[in-house]
Amino acid sequence: MATIFNSLPLFSFFIVQLIVLSSAGGFTVDLIHRDSPKSPFYDPSASRTDLLTNAVRRSFTRAASHSRKQNRLAPNNIQSEIIPASGEYLMAISIGTPRFQVLVIADTGSDLTWTQCKPCKNCYKQKAPLFDPKQSSTYRALTCTTRACQAAGASSSCRQDRNICQYSESYGDRSFSRGDLAVETFTFGSSSGQSLSFPTKVFGCGFSNSGTFNESASGIIGLGGGPLSIVRQLSKVINGKFSYCLVDLESSSTSKIKFGEDAVVSGKGVVSTPIVKKEIDTFYYLTLESITVGSKRLAHKTKLHSETGSAFKGEEGNIIIDSGTTLTFLPVDLYETMEDELVKAINKKNTADPQQFFSLCYSDTSIAPPALTFNFKGGAEVVLQPSSTFVLNGDLLCLAMIPTNDLAIFGNLSQMNFLIGYDLEKSVLSFKPTDCDKL
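Now for a look at the structure at hand. (Residues numbered from 1 in each chain as written. Predicted model: local features only at pLDDT ≥ 70, side-chain atom pairs only at ≥ 80, totals over all residues. Heavy atoms only, no water.)

### Looking at the overall build of the protein chain
For step 1, the next point in the chain: Of regular secondary structure, the protein chain possesses six helices and 30 strands.
For step 2, the next point in the chain: Out of the 439 residues belonging to the protein chain, those deemed buried represent 59%.
For step 3, the next point in the chain: Intrachain contacts of the protein chain at a sequence separation of at least 6 include 69% that bridge at least 24 residues.
For step 4, the next point in the chain: Summing over all exposed atoms, the protein chain offers an accessible surface of approximately 17100 Å²; the carbon and sulfur share of this is 49%. (Helix = DSSP H or I, 4+ residues; strand = E, 2+ residues; numbered from the N terminus. Buried < 20%, exposed > 50% of the residue type's maximum accessible area, 1.4 Å probe, protein only. Contact = heavy atoms within 4.5 Å. Areas by Shrake-Rupley, 256 points an atom, 1.4 Å probe, with all protein chains shown as cover.)

Structure follows, in structure tokens:
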């Protein structure tokens, strides 16, 4: 039984590179895990425990940042409190004319896309050259009265002497990016020569950027649900649709993300649930009604309050789905009931986690935990196998879920080997059990 846990999918950082442009109006992208040998972040000296420890720490930091952002309740505010290196993807894209390639962190918890630009008076160290807007014929700074500037809300200001809209992105670890809000041509391309260009897309040209950004990345590309995210800006082209399928870290295959009609999730086994609109439109909220342990269904008696993050009865949209958070975070009452049922079902002595990350661990890694079914609104029963719910933590086997009094998060470990589709036009999210290695 222990062998199913040997491929730990710590989906916290991926490199993204366009590989297929479909004639049907969609395109497919490879996702390479940050700890894969294919990644510039790869550290061959890091042990499996090191990788898990780092992923767990990023999950805690990211979850806390998500909660702070939600609690501010600032509609249309593009300011993000995500830790820049806390667990995302990397995307290789080109901006400008002529094309200039940049490697940016793809963040489902942020909206605004930005990259470091020349002249940069206060920039973090970056291995690749900086984008120079003066060398691009398609670059145009936005004025203060544009709709995009207004959409930026409290995170924007006006430079009166030039009538240019300026943005300010702040992150949970006090990192920041500041610069001009502009439009530019974005091009997704591949080594095969295929490419797809999108003109006049809003982004931030950062002239002052500092903090814990990794020198291998040039900025961030926002994949959230807000009006300035690249997903929303491309909505008419991709029909508001994207999907991804995440494989095991040690798989010889790569994870995939698709945009457009190719991203439609259909066929046998598909279950769907509404995406709930909230005050903070960046996040993708779902409604978790209960969890089933084996065959025993546990009612979700309380739901998260959108203003405080505390539990209260009766509200929809009580959990977000986030591909950048490794662990799943559940309301304390629901987690404790679930853990009690797991302990009964496993019927083996559990062991304390010496690092105090996980609440439920076993030294006997041959245990056979029951499946966990997350029951979302609309009859969407998402069955998680033990390989998605327990992880090897050194010599221990631990439940990769955490109790929280703040925002609940359905993390990417729980999303492993599901084709997950977002239809933003219909506000529906779909799950389909899939062997992602075969896509």
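Now, onward.
### Comments concerning the sheet that holds strand 16 (residues 288-293)
For step 1, the next point in the chain: What the four strands build is an open sheet, ordered 17-16-23-24; its pairing is antiparallel. The open sheet has two edge strands with one neighbour each: strand 17 (296-299) and strand 24 (380-384). Along the sheet, successive strands turn relative to each other by an average axial angle of 25°, direction set aside.
For step 2, the next point in the chain: Judged from the five bridges that link them, strand 16 and strand 23 (residues 372-376) form a sheet pairing that is antiparallel. The residue bridging Leu-288 from the neighbouring strand is Phe-376, located in strand 23. (Pairing = 2+ DSSP bridges. Axes fitted to C-alpha atoms, helices over the stretch in contact; angles between N-to-C directions.)

### Quick word on the state of the cysteines
For step 1, the next point in the chain: In this structure the tally under the stated criterion is six disulfides.
For step 2, the next point in the chain: In this model, Cys-149 is linked to Cys-165 through a disulfide, with the two sulfur atoms separated by 2.2 Å. Because the torsion about its S-S bond is 85°, the bridge between Cys-149 and Cys-165 counts as right-handed. Taken as a pair, Cys-149 in helix 2 (residues 147-151) and Cys-165 in strand 8 (residues 164-170) lie far apart in primary sequence, 16 residues in all.
For step 3, the next point in the chain: Note on Cys-149: relative accessible area 5%, which makes it buried.
For step 4, the next point in the chain: The exposure class of Cys-165 is buried, given its relative accessible area of 0%.
For step 5, the next point in the chain: What links to what in the protein chain: the bonded cysteines, counted in sequence order, pair as 1-8, 2-3, 4-6, 5-7, 9-12, 10-11. (Disulfide = S-S within 2.5 Å.)

### What about the environment of Thr-49?
For step 1, the next point in the chain: For Thr-49, the position within the fold is in helix 1 (residues 48-72).
For step 2, the next point in the chain: A C-alpha to C-alpha distance of 9.1 Å links Thr-49 and Asp-395, two positions 346 residues apart in sequence.
For step 3, the next point in the chain: The contact partners of Thr-49, leaving out residues within four places of it in the chain, are Gln-355, Asn-393 and Gly-394.

### Some points on the sheet that holds strand 26 (residues 396-399)
Through backbone hydrogen bonds, the strands of a sheet pair up, either in parallel or in antiparallel fashion.
For step 1, the next point in the chain: As summarised here, the arrangement of the three strands in space is 22-26-25, forming an open sheet in which the pairing is antiparallel. Of all strands in the sheet, those with a lone pairing partner are strand 22 (361-362) and strand 25 (390-393), marking the two edges.
For step 2, the next point in the chain: As judged from the two bridges shared by strand 22 and strand 26, these two strands associate in the antiparallel manner. Residue pairing in the sheet places Cys-361 in a bridge with Cys-398 of strand 26.

### Here's the deal with the nonpolar core
For step 1, the next point in the chain: Counting residues in hydrophobic clusters, the biggest one holds 66 residues, and the most contacted among them are Ile-321, Met-338, Phe-374, Phe-376, Tyr-422 and Phe-431.
For step 2, the next point in the chain: Ranked by residue count, the leading element in this core is helix 5 (residues 332-346), at five residues.
For step 3, the next point in the chain: Excluding residues within four positions of it along the chain, Met-338 makes contact with Ile-291, Val-293, Leu-298, Leu-330, Leu-372, Leu-399 and Met-401.
For step 4, the next point in the chain: By size, the runner-up hydrophobic cluster in this structure holds 23 residues, among which are Leu-90, Tyr-167, Ala-217 and Ile-220. (Core = buried A, V, L, I, M, F, W, Y, C linked by side-chain atoms within 4.5 Å.)

### Things to note about the packing of aromatic side chains
For step 1, the next point in the chain: One pass over the structure, following the stated rule, counts 16 aromatic pairs.
For step 2, the next point in the chain: Ring geometry for Tyr-139 against Phe-203: centres 6.2 Å apart, planes inclined by 85°, an arrangement best described as edge-to-face. With Tyr-139 in the loop between strand 5 (114-116) and strand 6 (140-141) and Phe-203 in strand 10 (residues 195-210), the pair connects residues that are 64 residues apart, well separated along the chain. Summarising the burial analysis for this pair, Tyr-139 and Phe-203 share the class buried.
For step 3, the next point in the chain: An aromatic cluster is present here, built from Phe-100, Phe-131, Tyr-139, Phe-186 and Phe-203 joined pairwise through their rings. (Phe/Tyr/Trp six-rings, centres within 6.5 Å; stacked < 30°, edge-to-face > 60°.)

### Digging into the pattern of salt bridges
For step 1, the next point in the chain: Within this structure, the stated rule accounts for eleven salt bridges.
For step 2, the next point in the chain: Ionic pairing is found between Arg-159 and Asp-161, a salt bridge with its closest N-O pair at 3.1 Å.
For step 3, the next point in the chain: Its salt-bridge partner being Lys-377, residue Glu-316 comes within 2.1 Å of it at the nearest N-O pair. Of this pair, Glu-316 sits in the loop between strand 19 (311-312) and strand 20 (319-321) while Lys-377 sits in the loop between strand 23 and strand 24, placing them 61 residues apart in sequence.
For step 4, the next point in the chain: If you follow the salt bridges from partner to partner, you end up with Lys-125, Lys-127 and Glu-215 in one network. (Salt bridge = Lys/Arg side-chain N within 4 Å of Asp/Glu carboxyl O.)

### Quick notes on the side chain of Asp-111
For step 1, the next point in the chain: Its location among the elements puts Asp-111 in the loop between strand 4 (100-107) and strand 5.
For step 2, the next point in the chain: Only 3.0 Å separates the side chain of Asp-111 from the backbone nitrogen of Gly-226, close enough to count as a polar contact.
For step 3, the next point in the chain: In contact with Asp-111, not counting residues within four places along its chain, are Gly-222, Gly-224, Gly-225, Gly-226, Leu-228, Ser-229, Ile-230, Asp-281 and Thr-282. (Polar contact = N/O pair within 3.5 Å; in protein donor to acceptor, adjacent residues only side chain to side chain.)

### Comments concerning unusual backbone geometry
For step 1, the next point in the chain: The peptide bond linking Thr-97 to Pro-98 adopts the cis configuration, its omega dihedral lying at 5°.
For step 2, the next point in the chain: Within the secondary structure, Pro-98 sits in the loop between strand 3 (89-95) and strand 4.
For step 3, the next point in the chain: The omega torsion across Lys-118 and Pro-119 is -10°, close enough to zero to call that bond cis.
For step 4, the next point in the chain: By secondary structure assignment, the location of Pro-119 is in the loop between strand 5 and strand 6.
For step 5, the next point in the chain: Its identity as a non-glycine residue notwithstanding, Gln-356 has a phi of 60°, on the positive side.
For step 6, the next point in the chain: With a relative accessible area of 71%, Gln-356 lands in the exposed category.

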